[in-house]
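# Structural features, examined
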Amino acid sequence: MTERPTTYVDIILPLPLNSLFTYSIPEPLTEAVKSGVRVIVPFGKQKMMVGLAVRIHDKEPEFKVKDITRVLDTTPIVTEGQLRMWNWIADYYMSPIGEVFNAALPAGLKAEDGFRPKTETYVTLPENLRHEQALHIAFGMLKRALAQLKTFNTYLTLSHWDTIVGDCTDEPVVEVTKDELINESHATAGVMKQLLDKKMLVTYEKEVGRLNCGGVPQLDNVKRLSAAQQEAYNNILFQFLKKNVVLLRGVTSSGKTEIYIHLIKQALERHEQVLYLLPEIALTVQIRQRLQKVFGDRLGIYHSKYSDAERVEIWKKQLSDSPYDVILGARSAVLLPFSKLGLVIIDEEHETSFKQQDPAPRYHARSVAIMLAHQHGAKTLLGSATPSAESWHNAETGKYGLVELDERYKGIEMPEIKVVDVKDMQRRKMMYGPISPLLLETMKKALDNGEQVILFQNRRGFAPMVECRTCGWVPKCDNCDVSLTFHKNMNMLTCHYCGFTYSVPKKCPNCEGEDLRPYGYGTEKIEEKIMELFPNVPVARMDLDTTRSRNAYERIINDFSAGRTKILIGTQMVSKGLDFDHVRVVGILNADSMLNVPDFRAYEHAFTMMSQVAGRAGRKGDRGLVILQTKDVEQPIIEQVVTNNWRAFYSQLMAERRLFHYPPFYRLIYVYLKHKDDDRVNTAAIEMGGRLRQWLGARVLGPDKPAVSKVRTFFIRKIMLKLEPGIDMKRVRQCLLLAQRQMEQDKRYSSLQIYYDVDPS
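First, a word on scope: everything that follows refers to the structure included in this document. (Residues numbered from 1 in each chain as written. Predicted model: local features only at pLDDT ≥ 70, side-chain atom pairs only at ≥ 80, totals over all residues. Heavy atoms only, no water.)

### Structural notes on the overall build of the chain
Across its full length, the chain carries 23 helices and 31 strands. The C-alpha radius of gyration of the chain comes to 28 Å, within 12% of the 27 Å expected for a compact globule of 761 residues. Overall size of the chain, expressed as C-alpha extent along the three principal axes, is 90 × 70 × 65 Å. The contacts of the chain with a sequence gap of at least 6 include a subset with a gap of at least 24, amounting to 74%. In the structure as shown, the chain presents an accessible area of about 34600 Å², 49% of it carried by carbon and sulfur atoms. Between the averaged position of the 102 positive side-chain charges in the chain and that of its 92 negative side-chain charges there is a distance of 2 Å. (Helix = DSSP H or I, 4+ residues; strand = E, 2+ residues; numbered from the N terminus. Rg over C-alpha atoms; globule rule 2.2 N^0.38 Å. Contact = heavy atoms within 4.5 Å. Areas by Shrake-Rupley, 256 points an atom, 1.4 Å probe, with all protein chains shown as cover. Lys, Arg positive; Asp, Glu negative; His and termini not counted. Charge placed at Lys NZ, Arg CZ, Asp CG, Glu CD.)

### A closer look at the environment of T30
Among the secondary structure elements, T30 is positioned in the loop between β2 (21-25) and β3 (38-43). Remark: the alpha-carbon pair of T30 and T7, spanning 23 residues in sequence, is separated by 7.8 Å. Looking at T30, its side chain comes within polar contact range of the main-chain oxygen of E27, at 3.0 Å. (Polar contact = N/O pair within 3.5 Å; in protein donor to acceptor, adjacent residues only side chain to side chain.)

### With respect to the packing of helix α8 (residues 227-240) against helix α9 (residues 256-269)
Interaxial distance between α8 and α9 falls to 10 Å at its minimum, and their mutual angle equals 45 degrees. In terms of orientation, α8 and α9 fall into the oblique class. In this structure, the crossing between α8 and α9 has a hand that is right-handed. Residues Q229, A232, Y233, I236 and L237 of α8 pack against E258, I259, H262, L263 and Q266 of α9. (Axes fitted to C-alpha atoms, helices over the stretch in contact; angles between N-to-C directions. Parallel < 35°, antiparallel > 145°, perpendicular 65-115°, else oblique. Left-handed = near helix turned anticlockwise from the far one by under 90°.)

### Concerning the sheet that holds strand β20 (residues 492-494)
On the basis of which strands lie adjacent, the open sheet formed by 3 strands has the order β19-β20-β21 and antiparallel pairing. Strands with a single pairing partner mark the edges of an open sheet, and in this sheet they are β19 (485-487) and β21 (501-503). Taking the axes of each pair of neighbouring strands and ignoring which way they run, one obtains an average angle of 35 degrees across the sheet. The pairing of β20 with β21 spans 3 bridges and is classified as antiparallel. Bridge pairing in β21 places T494 opposite T501. (Pairing = 2+ DSSP bridges.)

### Re the side chain of H675
Within the secondary structure layout, H675 lies in strand β27 (residues 667-675). By relative accessible area, which is 9% here, H675 ends up buried. Reaching out from H675, the side chain makes a polar contact with the backbone nitrogen of D677 at a distance of 3.0 Å. Residues contacting H675, with those up to four places away along its chain left out, are R680, V681, T713, F714, F715, S751 and L752. (Buried < 20%, exposed > 50% of the residue type's maximum accessible area, 1.4 Å probe, protein only.)

### Examining helix α22 (residues 678-696)
For α22, which comprises 19 residues, the first-to-last C-alpha distance of 26 Å matches the rise-based estimate of 27 Å (1.5 Å per residue) to within 8%. If you check which residues of α22 are buried, you get V681, A684, A685, M688, G689, L692 and L696. Each buried residue of α22 sits inside an arc of 135 degrees when the element is viewed along its axis, so together they form one side. Residues of α22 that are exposed and point more than 90 degrees away from the buried face comprise D679 and Q694. Measuring from the side-chain oxygen of the N-cap residue of α22 to the backbone nitrogen of D679 gives 3.0 Å; that N-cap residue is D677. Looking at the residues trailing α22, positive phi occurs at G697, about 65 degrees. (Expected span 1.5 Å × (residues − 1). Arc of directions from axis to C-beta.)

### With respect to the pattern of salt bridges
Under the criterion given, the structure shown has 36 salt bridges. Note that E272 is salt-bridged to R270, the shortest N-O span being 2.9 Å. When its relative accessible area of 21% is taken as the criterion, E272 is described as partly exposed. For R748, the salt bridge is made with E687, and the minimal N-O distance between the two is 2.8 Å. Of this pair, R748 sits in the loop between α23 (729-745) and β31 (753-758) while E687 is found in helix α22, placing the two residues 61 residues apart along the sequence. Judged by relative accessible area, which is 39%, R748 ranks as partly exposed. Put simply, R249, E404, D406 and R647 are held in one network by salt bridges that share partners. (Salt bridge = Lys/Arg side-chain N within 4 Å of Asp/Glu carboxyl O.)

### Brief notes about the environment of D424
Among the secondary structure elements, D424 is positioned in helix α14 (residues 422-427). For the pair D424 and R616, spaced 192 residues apart in sequence, the C-alpha to C-alpha distance is 27 Å. A distance of 2.5 Å separates polar atoms of two side chains, one belonging to D424 and the other to R427.

### Quick look at the nonpolar core
Core analysis: the biggest nonpolar cluster contains 152 residues, and W86, L275, L673, M688 and L721 have the highest contact counts within it. In contact with L275, other than residues within four places in its own chain, are I327, A333, V334, F338, L341, L343, V344, I345 and L372. With 24 residues, the next largest nonpolar core counts A463, C495, Y502 and Y672 among its residues. (Core = buried A, V, L, I, M, F, W, Y, C linked by side-chain atoms within 4.5 Å.)

### Points about the sheet that holds strand β16 (residues 416-421)
The 6 strands lie next to each other as β16-β26-β25-β17-β24-β23, forming an open sheet whose pairing is parallel. Two strands in the sheet have a free side with no partner beyond their single neighbour: β16 and β23 (539-542). Strand-to-strand, the axes of this sheet are offset by a mean angle of 15 degrees, without reference to chain direction. Sheet topology note: the strand β25 (residues 583-588)/strand β26 (residues 625-630) ladder contains 4 bridges and is parallel. Of the residues in β26, the one forming a bridge with V586 is V626. Of the strands in this sheet, β16, β17 (452-456), β25 and β26 touch helix α19 (residues 602-614), which is tilted by about 155 degrees from β25.

### Thoughts on the packing of aromatic side chains
Two measures describe an aromatic ring pair: the distance that separates the ring centres and the angle between the ring planes. Summed over all chains, the structure comprises 19 aromatic pairs. Judged by centre distance (4.8 Å) and plane angle (90 degrees), the ring pair of F560 and F580 falls under edge-to-face. In this pair, F560 sits in helix α17 (residues 550-561) while F580 sits in the loop between β24 (567-570) and β25, placing the two residues 20 residues apart along the sequence. Pair check on accessibility: F560 and F580 agree, each one buried. (Phe/Tyr/Trp six-rings, centres within 6.5 Å; stacked < 30°, edge-to-face > 60°.)

What follows is the structure in structure tokens.
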């Protein structure tokens, strides 16, 4: 009997390496190994890793190979289409295929022992305090500990125990996480610990995330479109006959979501799947509720706030015979498996949140989604009130179809925008902290009328920095080249780049002075000021610090939607497509912080953000009012925001971009070099820049130091490539990778890290 020839398999491992790894297949596993299944392989001397089989062959490698040890799947968990998409992402964004694999698969599918459910810590009343008499005794015990009493009262309100015990109602208890309670009550960790030690509250762990049980689909719940919406809908269908990608430019509150719902319904009638991408997880709360009313359990939700267990289940369901027909999700949803994709909707397509920054791959979900749709023969709809420069250029030049919707739903007027000269107000000492007299007056009037207010400040924390008023010393992060942000709730200084925290110094280490004061305003400090100005008005804050759990997002948005909170203070999260009926006033507290950023996209981002946050006002009922505070009222962009003159803005923007060779007229690639030695990375960057200039000439700019030139103890240099239309991008990538290999072969640069940001946002 002839001996059966050895077969081999090429495997992707979740490592930042460009190559595949070849292993031999032992005869007992020959039938089990297929492209797309996970296998366990030895790596190094002792380590075992989960990899993905991608190619089976009989070509014997030139080096000695090891056997795979186990096959984890009976059927592929990654489709051939996904593998093609991964290879495209790896090639286009110059990222190793192992990094794409690592980003795409939920952690539970990369672990040898499967996934471990993620849990969150919740707080609740102990059994012995769940009646009125016991609560009165508890209040008596806490009456001298005011911070503990406030936190205890906040828990009762959030959980509804106050109404349940007091009124003997059957209202269900609302579960509250420990983090939510600390944020809502402004409690310190010490106060929380004291309540737990006294058994006033107890904690329990709970797995977070569940698959959607949205009920039976009710397609009859689709609302009738207005005349303007119907015309836009018909135009989109007409454009889809000629173009695969269509841009819907619709003003804020024009009802774009309702048009999306009609398009989804039509796709489902054709038995096609739909991918609906949103830039922020916060948005999925409101949109999910609207879509569930129509599509019920045909809707699946996928984003990073879901537990790993849930993401694994959704992934597996998409591979089953009964996948979700509609997937609603943030950036990572574009990496899910699809079998019959027919429509991709990218809402708020201009948002920078669609661009993945760290970790790699640094892909743009909009570009990947368009490529995914192309691969499936599906149509793509981009929606925005303020399209990105690239999308608007593609629509203007005919590459994309274009549909415009300039009428707000039910004919409601665009909000009135009033500009306040903050420099003049400060000179006359008329400001109430960050609040101008006009903003304060309009807030009071709106609140007296039972209306709501949104305040926008694109800085989280209490204050952007702490400063010694004697010598001007500012505490900086030891690991990063940035000043530390003061968080009053924690009484800590935090680096927003590496996450490291520091105690607030009692004395200035530079001059021994004791006059250390917070400088500037973050959302936390604004919240404190607003609570001081409006002591009896419920206030909520929405930023990264208050929305770390999925529950927190939903509670903040639902409470504001229901009118339980009247003032919402937030970072750019509040600008992104949220729909609140009773917001009368929007305050943009500091327009200058968005404009004075060293980035060629700063004005585009500022115009977009201000226009979007202004659009939250006056969505139902009376016309909204926006108070825009700035120190530079003569800036042309301020006038363009006030008059909603987006055409003038884009015309000026495009002229500047064309003149200075920026997107959409030129392509950009940033080359980053990182090393723990500043001189070494500087020398390496100069050498690599020189090598690239030999091949690519004046297209290579730099190296220079980025705005933040040290992160997590690594010093950074940046080289910029400006690439004209028609250039051979394959050749450019070959030049970059060749230069990288040459640098890596130099022993001086053995610890040097080189990575790329293609099409930076």
